[in-house]
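# Examining the three-dimensional arrangement
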Amino acid sequence: MNDVIYIWYYVFIDEDLKKRGRNPQDYEIRGYSYDENIDFNEIMEGNDDNGLYVGIIDNELEIIYYKIEKHVWKQGNFKESNDEIGLEDENHELAYEQMTAMGLKVNSGFKFGADYRVYSENEEHAPWIVIVCNNEMKWLEMARAVRVSHAVKKNLVFWVNDAWITVKWIRL
């Protein structure tokens, strides 16, 4: 996508924030089109301890905002892994091994449209759902996952390029 379009995104988002009574200087927001591929390397490079705000512009020129942060797992208390989990590829294996090494209980996340649901304690319901992905995801796919996680009251965590990130829909 060319620089003129990205500049338009920033101007459009700036105006939207002002309409919402927000000061655009209070946020580092990047703008993208809903049908663009996500560049996770770019997202992670710009993601400091305060997180990164992203404004996704759809085909009706509505803007949906997300906050993206690095995710840090807390140590869980599970000693055994779930051998019945299907591990599709090397990325799924690596993510699964990292989670179980931290004492997290990992179950299938299929019923939530995710790869895994994850527990750290003996919770009745998993606090997290995890999607293992590569750099092939579009913002539209992310929006779907965020929408489901929000509806089922789960924290959405992505494992991408050996990093963990949390994505949340926010109302600005």
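The paragraphs below set out a description of the structure included in this document. No experiment lies behind these values; they were computed from the predicted model shown. (Residues numbered from 1 in each chain as written. Predicted model: local features only at pLDDT ≥ 70, side-chain atom pairs only at ≥ 80, totals over all residues. Heavy atoms only, no water.)

## As for the overall build of the protein chain
Within the protein chain, the secondary structure is distributed over four helices and eight strands. Ordered by position from N to C terminus, the α and β elements of the protein chain give α-β-α-β-β-α-β-β-β-α-β-β. The C-alpha atoms of the protein chain give a radius of gyration of 17 Å, which matches the 16 Å a tight globule of 172 residues would have. Dimensions of the protein chain, computed from C-alpha atoms along their principal axes, come out at roughly 50 × 30 × 30 Å. In the protein chain, which comprises 172 residues, the proportion classed as buried is 46%. Distance from the positive charge centre (19 side chains) to the negative charge centre (32 side chains) of the protein chain: 9 Å. (Helix = DSSP H or I, 4+ residues; strand = E, 2+ residues; numbered from the N terminus. Rg over C-alpha atoms; globule rule 2.2 N^0.38 Å. Buried < 20%, exposed > 50% of the residue type's maximum accessible area, 1.4 Å probe, protein only. Lys, Arg positive; Asp, Glu negative; His and termini not counted. Charge placed at Lys NZ, Arg CZ, Asp CG, Glu CD.)

## A few points about the side chain of E36
Note on placement: E36 falls in the loop between strand 1 (29-33) and helix 2 (40-45). Although E36 is buried, it forms no salt bridge, and the closest oppositely charged side chain is K138 at an N-O distance of 9.1 Å. At 2.7 Å, the side chain of E36 and the backbone nitrogen of S33 are in polar contact. (Salt bridge = Lys/Arg side-chain N within 4 Å of Asp/Glu carboxyl O. Polar contact = N/O pair within 3.5 Å; in protein donor to acceptor, adjacent residues only side chain to side chain.)

## Here we look at unusual backbone geometry
Unusually for a residue other than glycine, L61 sits at a positive phi of about 65°. One can find L61 in the loop between strand 2 (52-57) and strand 3 (63-70). The class of L61 is partly exposed, set by a relative accessible area of 44%. Despite not being glycine, D162 shows a phi value in the positive range, around 65°.

## Notes on the packing of aromatic side chains
Pairs of aromatic rings are described using the distance from one ring centre to the other and the angle between the two planes. This structure, assessed with the given rule, holds six aromatic pairs. Note on W159 and W164: the rings are 6.4 Å apart at their centroids and 70° apart in plane angle, and the pair reads as edge-to-face. Judged by relative accessible area, W159 falls into the buried class, the value being 1%. On the basis of relative accessibility, which here comes to 10%, the residue W164 falls in the buried class. Each member of the aromatic cluster is reached from another via a ring pair, and the members are W73, W128, W159 and W164. (Phe/Tyr/Trp six-rings, centres within 6.5 Å; stacked < 30°, edge-to-face > 60°.)

## Regarding the layout of surface pockets
Considering only enclosed or pocket space, the largest pocket measures out at about 280 Å³ in volume. Surrounding the largest pocket, 13 residues form its lining, I64, Y66, A143, R147 and W169 being those nearest its centre. Elements with a minimum of two residues in the lining of the largest pocket: strand 3 and helix 4 (139-151). Ranked by the residues each element gives to the lining of the largest pocket, the list is headed by helix 4, at seven residues. Taken together, the residues of the lining of the largest pocket break down into nine nonpolar, one polar and three charged. (1 Å grid on protein atoms, 1.4 Å probe; cavity = no way out; pocket = protein on both sides within 12 Å on 5 of 7 lines; lining within 4 Å. Points joined across faces, edges and corners; volume = space filled by probe spheres on them. Nonpolar A, V, L, I, M, F, W, Y, C, P; charged D, E, K, R; others polar.)

## Some details on the nonpolar core
Core analysis: the biggest nonpolar cluster contains 26 residues, and W139, M142 and F158 have the highest contact counts within it. For this core, the secondary-structure elements that each account for two or more residues are helix 2, strand 2, strand 3, strand 6 (128-133), helix 4, strand 7 (155-160) and strand 8 (163-170). Looking at this core element by element, the count peaks at four residues for helix 4. Among the nonpolar cores identified, the runner-up in size contains 15 residues, and I85, A95, V157 and W164 belong to it. (Core = buried A, V, L, I, M, F, W, Y, C linked by side-chain atoms within 4.5 Å.)

## So, the pattern of salt bridges
One pass over the structure, following the stated rule, counts four salt bridges. Between K18 and D14 there is a salt bridge, with the nearest N and O atoms lying 3.2 Å from each other. You can see K18 and its partner D14 sitting in helix 1 (residues 3-19), four residues apart, about one turn around the helix. Among the ionic pairs, E15 bridges to K18, the shortest N-O distance being 3.9 Å.

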